[in-house]
Structure formats: C-alpha cells, structure tokens
Amino acid sequence: MKPLVAIVGRPNVGKSTLFNKLAGERLAIVEDLPGTTRDRIYADAEWNGRVFTLVDTGGLELGSEDKIMSRIAEQVRLGIEEADVIIFLVDTRSGATEADVEVAEMLRRSGKPVVLGANKADSHAQRMDAVEFYALGLGEPITLSAISGTGTGDLLDAVTDALPPPREAEGEEEYAGLPRIAIVGRPNVGKSSLVNAILGQERVIVSDIPGTTRDTIDTLVEHKGQRLVLLDTAGIRRRGHVGAGVERYSVIRATRAIDRCDVAVLMIDGVEGITAQDTHIAGYIHDAARGMIIVINKWDLVREAQRKAEEAAGLEAAVSLKPGGNLAALEEEPHDADYYRALVRDRFKFAPYAPVIFAAAKTKYHINIILEHALRIWETRQQRISTAQLNEVVREAARRHHPPVVQGRPMRIYYVTQAEVSPPTFIFFVNDPSLLHFSYQRYLENQLRQAFGFEGTAVRLEFRERQSDRGERDERKKGKRVPSRR
Ligand code: GDP
Ligand code: GDP
C-alpha cells in the first residue's frame, strides 16, 4: 500500500528538475515501469524506510486551456484528489506570485498534508529570501536547490513525516488466499460498466471492504460457489471531464491495483483501438508476473460499425488493416476479431499467454467468460509441478535443442525446481547463468508451458549458478588448477 506523493507548482519552478534529482540520485527506486525511463513522471521510491510513489504532475499534459492558472488549478485539484502528501514547489527567485497564493489557498482548504519547497535557493541570500513564503500560510518553507540537491534531504524528511502511518488494509488479512481480480484500463474503456455487470449477476457478499485503498474499491463476490475479491479501480468516481492528467493518474492507480491482484483484466476500448497507455499497463502486469486477460470491450459498437461498412461498400470494405481512432473511421475501416487478435499479439508481444476476449460490458456480451477465465488462471497459478516431472521435461527439451555454447563453453542445466506458486517460479541450476541467451530462455518457457499449461499467466524462470561451480570458479581465479568436468 504505497502512498502517493505529488509535486505541484507553477510552470518553471523546477518540478521536473526536482523529480529527476530525487528519482535519479536521492531516492532508492524500488521499481521501474517498462518504457517509462525516458519520459518518467512517476517512480516508486524509498526514503527513511518508507516506500511511496512520487509523481511529477508537471509531466502530466493537462487540458488544452490557454490560461495557465486554470491548468495549474487542474493539476492541483488532481493532486489533492489522488495524493497523500503534496509537495508544493515555489521559486525563491520570483517570490510568491498571485498564482502561488491561489494554489496555497486551494491546498489549505483541502486539508491535505503539504510540504512547501522553496526551490532555486542556490545561495545564502536566496535562502534568506524564502521567509516571504511563510505568508502562504502553509508552514515553514523548506529551502532547496533542485539542481544541486541541497536541501532535498530535508524536503524528503518532511515528506516522510507527513505520510500517513503505514498500515495493512484490514480487509487484506481476512480475505487472504482468495483470488483477487483487478479490473484495470484507461478511463472510459468500460471498467465501471463491467464491474456493474458482474455485481449485478454474481452474489455480492461484502461490498466496499474496509481498509480498501483510495485507488480501488474491493468487493467480495461469489461466482458459482467460489469466493473472490474484485478490485475495482474505476469505482472511485471522478467529477468533471477526463483529461490527459486524469489518464496518467489512472495508469498509476492501475499499477497499484495490479500489485495487489492475482489476475488483472485489462480492458481496451475496441472503438479507440490499442493505445500506448494500454501497452504500458500490460507491460506492468507482465513484469509483476500477474495473470492477464485482455478484454476488447464495446464489441457491440465495433460490430455495428462493421455491419454498416459492409452494407455501404459490399464485402471488400469489410477487410481492414489500419487502426482507427473513432467510430466514423471505424465505419470506413472496420476491425474484425482477427484484426484485433493480430494487433494484440503485436502490441503485447511480451505476453503471448494472455487470452483475448471480445466483450460488451454494456450489453453483458461475454462478460461471464471473463470471470471464468480469471478463475481458471488463478488456479493455474497455484499449480505445483513435481521436481521429477519438471526435470524430465527440461532434460528432454535440452536434448532436442541444446543450450547455447559461448566461446566453446556450453551452458549446462543440472537441475530445475519450482520454488514458488503464484507466480509460478522455476529455478534452473546451471554451470554459468551468463551463458544463457534470451531466446533459449524463451524456448524453455515454451516447453514448460507446453507440458504444464500456465495459460493466462506470466511465469518466472531464474537461472542460478550451482554452488559447487561457484567454488570451482573462485578456485580457478586463485590460479589453482581444477580438473575440468566432463
Ligand atoms: P517545471 O516546469 O516546474 O517542471 O520546471 P523545470 O524543472 O523544467 O525547471 C525550470 C527551469 O528552472 C529549468 O531551466 C531548470 O534548470 C531551472 N531550475 C530548476 N531547479 C533549479 C534550481 O534549484 N536552481 C536554479 N538556479 N535553477 C533551477
Ligand atoms: P470507465 O471509465 O472505464 O469506468 O468506463 P465506463 O464504464 O464509465 O464507460 C464509459 C462509457 O462507455 C459509458 O458511457 C458506457 O456506457 C460506455 N460503455 C462501456 N462499455 C460499453 C460497451 O460494451 N458498449 C457500449 N456501446 N458502450 C459501452
């Protein structure tokens, strides 16, 4: 349960500089999202033993309004809604501007813990100037220089002091061991519609489990006698429009629900097509080694568009190749299931195991099979393969297709064991893990999948050096002659 810390403030006060400084040097980055290093706006970090997610709201492209103030206000409003602690950054060189005063007013009214950072205090004189920020009514300004890093430790101390006390969700313990299924995706793809459809159909035992985070509403439901916890990331209703900023926050919310789930149902808007955000979320699910189901939603609209196109242009127009952005485009170039299957496989290459379901939450088309799949995937993640069976399969695989040989040295697999379930984790003891090639790992994974299933879930393969080999290598380094094994 990671708290969220948002950096807000006017443009050019140094929010991105601070974020990069903190994420790059000061904080131990706990996890990194795939594909986010270049344009990273959030990072899971640790300071004083507290883990939290840091967000640079300057990186959120907010609204299209020209007025700077309304953009800042939107950013601050989002920060207040989403974050546990807000770092309000101001610029010592420019002093408190009218916009700063307005933001301070919003923050004070919200009652959120705020840490006031007076940036660009590079010199002693500038640090002295920062006293004027007391007038913002947010307590002591912490002077810092985001560029040099001076003062950032004090800022982080103040942030960790302001974090809510760490706590386990009360519901968490009680429902331990039950399948946890998260419904995730961008705004407007149909998450609430799916949740409502499921809740309208299954027996709801406890709604809104206490201890739920601000990111999700957890509900205990029963499906054909099997109890499960549904993690609903859409349940937190948001006022107003869905802008780009909301979308970026929604990705953060999704990742936090994914961390807590066994199986993630990734919903995609079939009319919109697959976006970079969708791929981003899928990448996170894969890296977290959760189960994954890809739902192409609003299939009723896609079908309708297809039907219209067929009527209008005869059969030839029914075949399409390009992704569309809206319904009108879809009517010109309709997408069928084959098109989508190919697109999913292409965009989500890293997760060929994830089933694709075409559904319509609104008309309840195929929503039954989503839960069925999720439960089956949950079960397959619990599977334990006997060591004997495992080694037989791997030995046979290595016989059919030999492990890589690097500079005359072959990789040898001595022994395989399943160390964990959920996610299924296999440890391969080998002579030298550095000899492993990615394609061979892929091959071994496929062989395991062929033999044992694991449909719908990532599995982990770890390669470790066998203890005796490590000893042998050390001996060799020391210059002793060790008879080579044959
Ligand atoms: P943002 O719009 O709030 O994200 O601001 P940026 O991080 O892009 O910074 C705006 C400008 O202020 C950049 O030119 C930074 O190099 C500069 N800047 C940021 N922090 C400091 C600082 O501590 N001292 C000085 N002198 N300049 C800074
Ligand atoms: P969320 O933001 O992901 O929770 O999305 P919602 O469930 O609020 O859905 C956004 C909009 O899409 C609403 O107007 C829904 O009625 C509509 N919608 C959701 N699923 C479907 C569907 O399968 N078919 C159609 N036609 N509309 C849908």
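Counting 66 residues, the largest nonpolar core has Phe88, Leu107, Val184 and Ile296 as the members making the most contacts within it. Element by element, the count of residues in this core is highest for helix H8 (residues 244–260), at six residues. Aside from chain neighbours lying at most four places away, what touches isoleucine 296 is Ile268, Gly270, Tyr340, Val344, Val356, Ile357, Phe358 and Ala359. Within the second largest apolar cluster, 25 residues are counted, among which are Ile181, Val195, Val221 and Ile293.

Bringing the site of ligand 2 into the picture now. Taken together, 17 residues lie near ligand 2, and Asn188, Lys191, Ser192, Ser193 and Asp300 sit nearest. Here a nitrogen atom of ligand 2 sits 3.1 Å away from a polar atom, N or O, in the side chain of asparagine 297. In the model, an oxygen atom of ligand 2 is placed 3.2 Å from a nitrogen or oxygen of the lysine 298 side chain. In isolation ligand 2 offers 580 Å² of accessible surface; the protein chains occlude 77% of this area. Only helix H7 (191–199) and helix H10 (299–313) provide two or more residues apiece to the shell around ligand 2. The greatest single-element share of the shell around ligand 2, amounting to three residues, is contributed by H7. Considered class by class, the residues forming the shell around ligand 2 number six nonpolar, five polar and six charged.

Glancing now at the sheet that holds strand E14 (residues 356–358). For sheets, the rule is that strands pair by backbone hydrogen bonds, running either parallel or antiparallel. The sheet built from seven strands is open, its strands ordered E9-E10-E11-E8-E12-E13-E14 with mixed pairing. This sheet does not close on itself; its edge strands, each paired only once, are strand E9 (203–206) and E14. Neighbour-to-neighbour, the strand axes of the sheet open up by a mean angle of 30°, direction not taken into account. Where E9 and strand E10 (residues 217–223) come together, three bridges link them in antiparallel fashion. By the bridge assignment, valine 206 is partnered in E10 with leucine 220.

This brings us to the pattern of salt bridges. In this structure the tally under the stated criterion is 22 salt bridges. Among the salt bridges present, the one from lysine 2 reaches aspartate 259, with a minimum N-O distance of 2.7 Å. Highlighted residues: lysine 2 in the segment before strand E1 (4–8) and aspartate 259 in helix H8, separated in sequence by 257 residues. Its salt-bridge partner being glutamate 396, residue arginine 400 comes within 3.2 Å of it at the nearest N-O pair.

All right, on to the confidence of the model for the protein chain then. Looking at the protein chain as a whole, its pLDDT mean stands at 83, while 81% of the residues score no less than 70. Under a pLDDT of 50 for its full length, residues 32–39 has, in the predicted model, 12 contacts with residues more than four places off or in other chains. Counting contacts from residues 61–65, a segment whose pLDDT is below 50, to residues more than four positions away or on other chains yields 11 contacts.

Glancing now at the site of ligand 1. Near ligand 1 you find 15 residues, and of these Asn12, Lys15, Ser16, Thr17 and Asp122 are the closest. Between ligand 1 and the protein, one listed contact pairs an oxygen atom with a side-chain N or O atom of lysine 15 at 2.8 Å. Isoleucine 147 is positioned with one of its backbone polar atoms (N or O) 3.3 Å from an oxygen atom of ligand 1. Out of a free accessible area of 580 Å², ligand 1 has 73% covered by protein chains. In terms of residue count, helix H1 (residues 15–26) provides more of the shell around ligand 1 than any other element does, three residues in total.

Let's shift gears to the sheet that holds strand E18 (residues 425–430). Taken in spatial order, the three strands make up an open sheet running E17-E18-E19, and their pairing is mixed. Because the sheet does not close on itself, it has two edges, and the strands there are strand E17 (413–420) and strand E19 (460–465). Strand-to-strand twist in this sheet, taken as the mean axis angle between neighbours without regard to direction, amounts to 25°. Pairing analysis gives six bridges linking E17 to E18, with the strands arranged antiparallel. Counterpart to glutamate 420 in the pairing with E18 is threonine 425. The sheet strands contacting helix H14 (residues 387–400) are E17 and E18, and the helix crosses E17 at an angle near 135°. Running over the sheet, helix H15 (residues 438–452) touches E17, E18 and E19 and is turned about 125° from E19.

Of all seven residues making up strand E13 (residues 291–297), seven are buried, and the element is well covered by its neighbours. Judged by which residues are buried, E13 turns out to be covered on both faces: Gly291, Ile293, Val295 and Asn297 on one side and Met292, Ile294 and Ile296 on the other are all buried. Across seven bridges, strand E12 (residues 263–269) lies against E13 in parallel orientation. When the bridges of E13 are listed, methionine 267 appears paired with valine 295. Where the polypeptide runs from E12 across helix H9 (residues 276–287) and back to E13, its parallel neighbour, the crossover connection is right-handed.

Turning to the packing of helix H2 (residues 68–82) against helix H3 (residues 98–110), a few remarks are in order. Packed helices, taken two at a time, are described by their axes: the angle between them and the distance between them. It is at 10 Å that the axes of H2 and H3 come closest, and there the two elements cross at 25°. Between H2 and H3, the angle is such that the two are roughly parallel. Of the two elements, H2 crosses H3, and the hand of that crossing is right-handed. Residues Met69, Ile72, Ala73, Val76, Arg77 and Ile80 of H2 touch H3, and the partners they reach there are Ala99, Glu102, Val103, Met106, Leu107 and Ser110. Taken together, the residues of the contact of H2 with H3 break down into nine nonpolar, one polar and two charged.

A rise of 1.5 Å per residue sets the reference length of H15, with its 15 residues, at 21 Å; its end C-alpha atoms lie 21 Å apart and thus fit the reference within 8%. Listed in full, the buried residues belonging to H15 are Tyr440, Tyr443, Leu444, Glu445, Gln447, Leu448, Arg449 and Phe452. Here the buried face of H15 lies against H14, E17, E18 and E19. Backbone geometry just after H15 places glycine 453 at a positive phi near 95°.

The rules behind the values
- Residues numbered from 1 in each chain as written.
- Chains lettered and ligands numbered in written order.
- Predicted model: local features only at pLDDT ≥ 70, side-chain atom pairs only at ≥ 80, totals over all residues.
- Heavy atoms only, no water.
- Core = buried A, V, L, I, M, F, W, Y, C linked by side-chain atoms within 4.5 Å.
- Buried < 20%, exposed > 50% of the residue type's maximum accessible area, 1.4 Å probe, protein only.
- Helix = DSSP H or I, 4+ residues; strand = E, 2+ residues; numbered from the N terminus.
- Contact = heavy atoms within 4.5 Å.
- Near = heavy atom within 4 Å.
- Polar contact = N/O pair within 3.5 Å; in protein donor to acceptor, adjacent residues only side chain to side chain.
- Areas by Shrake-Rupley, 256 points an atom, 1.4 Å probe, with all protein chains shown as cover.
- Nonpolar A, V, L, I, M, F, W, Y, C, P; charged D, E, K, R; others polar.
- Pairing = 2+ DSSP bridges.
- Axes fitted to C-alpha atoms, helices over the stretch in contact; angles between N-to-C directions.
- Salt bridge = Lys/Arg side-chain N within 4 Å of Asp/Glu carboxyl O.
- pLDDT = per-residue confidence, 0-100.
- Right-handed = clockwise from strand over helix to strand, strands pointing away.
- Parallel < 35°, antiparallel > 145°, perpendicular 65-115°, else oblique.
- Left-handed = near helix turned anticlockwise from the far one by under 90°.
- Expected span 1.5 Å × (residues − 1).

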